[in-house]
Amino acid sequence: MAEEGPIIDVPKKSPPEGTREAPHTVEGILKELGPGLIVAGAVVGSGELIATTATGAEAGFYLMWLILIGCLIKVFVQVEMGRYAICTGETSLKGMSEVPGPRIGRANWVLWFWLLTIVVTTGQLGGIVGGVGQSLAISTPVTKAGKEYNELMHAETQMQVMMRKQARERPIDEFTTEQELDRRIGEGEVLLNYARYWNDNKHRKNELRSAAKDHLIWAGIVALASTVLLVRGRYGFIQLFVTVLVGLFTLMTIVNVILLQMNSDFGMTVEEFKSGLSFQLPPKEEGVFPLATALATFGIIGVAAGEMVFYPYWCIEKGYAKFVGPNDGSGDWVRRARGWVKVLRWDAFLSMVVYTISTVAFYVLGAAILNRVNLVPKGMEMIRTLSVMYEPVFGVTAQSIFLVGAIAVLYSTFFVTNASKARMCSDALRLFNLRADTEAERIRWLKIFSAAFPLMCFAVYWSFPKPTTLVLAGGVMQSILLPVMACTAMWFRYWKCDPRVLPGRAWDLMLWISAAGMFVAGGWLAITKLFPALKQFG
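Residues numbered from 1 in each chain as written. Predicted model: local features only at pLDDT ≥ 70, side-chain atom pairs only at ≥ 80, totals over all residues. Heavy atoms only, no water.

**Considering the overall build of the protein chain**
From N to C terminus, the protein chain includes 22 helices and two strands. Across the 538 residues of the protein chain, 57% fall into the buried class. Of the contacts made within the protein chain by residues no fewer than 6 positions apart, 85% connect residues no fewer than 24 positions apart. (Helix = DSSP H or I, 4+ residues; strand = E, 2+ residues; numbered from the N terminus. Buried < 20%, exposed > 50% of the residue type's maximum accessible area, 1.4 Å probe, protein only. Contact = heavy atoms within 4.5 Å.)

Written out as structure tokens, the structure is:
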């Protein structure tokens, strides 16, 4: 999609300090990527691990098409947000503050809506730090009650999975092999042992749940550690740290999906794959609204509204805007701008490939395993339920492998999003005229917010320890923000950027499709929240 518009030269001037030409080779471009990897660190977490898996567990393979669309189309709006930052040197919130519409006090309607989203998504991050706490509590309990509760809930989860698996198996007949018979007898003995242990201790379940505070202890430790890392962390450290975390779990999940195809009980069939891409909805069930869940998930998967806002901040911190320099009207500026916008597109699209692959992998695991054994991750047992996805491939070591990955990917989201929120909120104080417009004040408030946000998220989880609900609530708010971001991207595209660095018609078409999809998802969720009775049609 080539950039349009002629380059009109003006008399040569010395390039501004700090500017440089964009690389033209693939190798050179790859060396300049980074902001997209940070965004991927936020994406592959609450959306993919929790919300996408929950949608697969509830709806089976039917909604895979919607999950794919959610990942693919929003990247065009993301790039427009980045283009604005590169071409103007301004932050996304500064541009959003100029979108036409009513003003309330010191800011316009867009900034106030964004601020409301920040408040609600603090609960979403509370759910994520709670997920990290649950993972650590399962892998490393710190109290006696926590250890005993783990053993009891492990027995209960295994009973549910094994009984539902047995119910799906073909009855024993004259064609049953001796090897198959031995396997079933062995599994029956294991199930009997779990059942005996659970029956002897089930009366203690509520008592142990109340006494086991391990998940809160670990969530608090994680929040405190994050405060230290965020206050001291700089761009290079954040990019490297997040890349390692995301790569670890993404690779593990892809391998799991590939090996799952060798399992006759849980492998995805060709028919199921086709049904997932057939643009149909799952069958209606009483009290279950898969489409509503999917649209809430749509708000989180891929680049969510929040990530669209904070992506330009990382582009600026990486140096893209500085490399382009102020717009002096020269042909040199246009060439630099076009070059770095090209780098930006590579950055955004390669990160999209990463999170799309991981999103589809998580959805398939939820549909192929959790849906078939009728387990939907929720409440205090979210992480334990999700670990079931790894058992058909990794067996008894599944939970340990999953927990390592879950800690990595959830913490990546928690870390990146808090780092991004600190940068945005420091900037917001400037736009609301609540701090001086100086670099020293920006850094001071950046450190204050970096220290405060992780602790605030932990406080939310302490008050309401239900990660799935918190994450999906944040997803709903992010979905409702999507139409606002679509309007903002259009404002940037048609009114704010230099015409000489605007995209071509093919890109514009995809941008309009992206905006339309965001309006549908956000509009549907807004309407069903105002008129809950309409939810039954989803």
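**Details of unusual backbone geometry**
Notably, asparagine 433 is not glycine yet its phi reads approximately 60°, a positive angle. Judged by its relative accessible area of 58%, asparagine 433 is exposed.

**Remarks on the nonpolar core**
Leu49, Leu93, Met96, Trp114, Phe402 and Met485 are the most contacted members of the largest nonpolar core, which totals 144 residues. In terms of residue count, the dominant contributor to this core is helix 16 (residues 331-370) (19 residues). Residues Ala145, Tyr149, Leu208 and Ala212 belong to the second largest nonpolar core, which totals six residues. (Core = buried A, V, L, I, M, F, W, Y, C linked by side-chain atoms within 4.5 Å.)

**Quick word on the packing of aromatic side chains**
Counted by the stated rule, this structure contains 17 aromatic pairs. Ring geometry for tyrosine 84 against phenylalanine 492: centres 4.0 Å apart, planes inclined by 10°, an arrangement best described as stacked. In this pair, tyrosine 84 sits in helix 4 (residues 75-88) while phenylalanine 492 sits in helix 21 (residues 467-496), placing the two residues 408 residues apart along the sequence. For tyrosine 84, a relative accessible area of 2% gives the class buried. Taking the relative accessible area as the measure of exposure, phenylalanine 492 reaches 0% and is therefore buried. Arranged with centres 4.9 Å apart and planes meeting at 40°, the rings of phenylalanine 323 and tryptophan 340 form a pair that is tilted. One end of the pair, phenylalanine 323, is in helix 15 (residues 320-324); the other, tryptophan 340, is in helix 16, and 17 residues separate them in sequence. Under the relative-accessibility criterion, tryptophan 340 is labelled buried at 0%. (Phe/Tyr/Trp six-rings, centres within 6.5 Å; stacked < 30°, edge-to-face > 60°.)

**Some points on the pattern of salt bridges**
Tallying each qualifying case throughout the model produces 16 salt bridges. With its nearest N and O atoms 2.6 Å apart, the salt bridge here joins aspartate 427 to arginine 430. Note that aspartate 427 and arginine 430 are positioned in helix 19 (residues 398-431) at a spacing of three residues, about one turn of the helix. Arginine 430 carries the same exposure label as aspartate 427, and that label is buried. Of the charged contacts in the structure, one is a salt bridge between aspartate 498 and arginine 500, with a shortest N-O distance of 2.9 Å. The exposure class assigned to aspartate 498 is buried, which follows from its relative accessible area of 14%. With a relative accessible area of 14%, arginine 500 lands in the buried category. Residues joined by salt bridges that share partners form a network here, namely Glu21, Asp332 and Arg335. (Salt bridge = Lys/Arg side-chain N within 4 Å of Asp/Glu carboxyl O.)

**Description of the packing of helix 4 against helix 16**
Taken N-terminus to C-terminus, the directions of helix 4 and helix 16 make an angle of 150°; their axes are 10 Å apart at the nearest point. The orientation of helix 4 relative to helix 16 falls into the category roughly antiparallel. Here the hand of the crossing between helix 4 and helix 16 comes out right-handed. Two secondary-structure elements touch here, helix 4 through Val75, Phe76, Gln78, Val79, Gly82, Arg83, Ile86 and Cys87 and helix 16 through Trp333, Trp340, Val341, Leu344, Arg345, Ala348, Phe349, Met352 and Tyr355. (Axes fitted to C-alpha atoms, helices over the stretch in contact; angles between N-to-C directions. Parallel < 35°, antiparallel > 145°, perpendicular 65-115°, else oblique. Left-handed = near helix turned anticlockwise from the far one by under 90°.)

**A look at the side chain of asparagine 108**
Within the element layout of this structure, asparagine 108 appears in strand 2 (residues 107-108). Residues in contact with asparagine 108, not counting those within four places in the same chain, are Met96, Ser97, Glu98, Val99, Pro102 and Arg103.

**Observations regarding the environment of valine 190**
Mapped onto the secondary structure, valine 190 falls in helix 8 (residues 178-201). With a relative accessible area of 38%, valine 190 lands in the partly exposed category. Here the alpha-carbon distance between valine 190 and methionine 162, two residues 28 residues apart in the chain, equals 9.2 Å.

**What to know about helix 6 (residues 109-139)**
Its 31 residues give helix 6 an end-to-end C-alpha distance of 45 Å, which sits within 8% of 45 Å, the value for a rise of 1.5 Å per residue. At valine 120, helix 6 is deflected by roughly 25°, the largest bend along its length. Summarising burial for helix 6: 23 of the 31 residues are buried, a large majority. (Expected span 1.5 Å × (residues − 1). Bend = angle between axes of the 7 residues up to and from the residue.)

**Observations regarding a nonpolar patch on the surface**
Side chains of Val26, Leu30, Leu350, Val353 and Ile357 sit close together on the surface and give an oily, nonpolar patch of about 400 Å² of accessible area. Taken together, the elements giving at least two residues each to the nonpolar patch come down to helix 1 (26-31) and helix 16. For the nonpolar patch, the leading source of residues is helix 16, giving three residues. You can see valine 26 is positioned in helix 1. (Patch = residues over 30% accessible without salt bridge, like charges linked within 9 Å, V, L, I, M, F, W, Y side chains within 5 Å. Areas by Shrake-Rupley, 256 points an atom, 1.4 Å probe, with all protein chains shown as cover.)

**Overview of helix 16**
For helix 16, with 40 residues, the first-to-last C-alpha span of 57 Å sits near the 58 Å given by 1.5 Å per residue. Of all 40 residues that make up helix 16, 31 are buried, and the element is covered over most of its length.

**Considering the environment of glutamate 58**
Relative to the assigned elements, glutamate 58 resides in helix 2 (residues 35-59). On the accessibility criterion, glutamate 58 (22% relative accessible area) is partly exposed.

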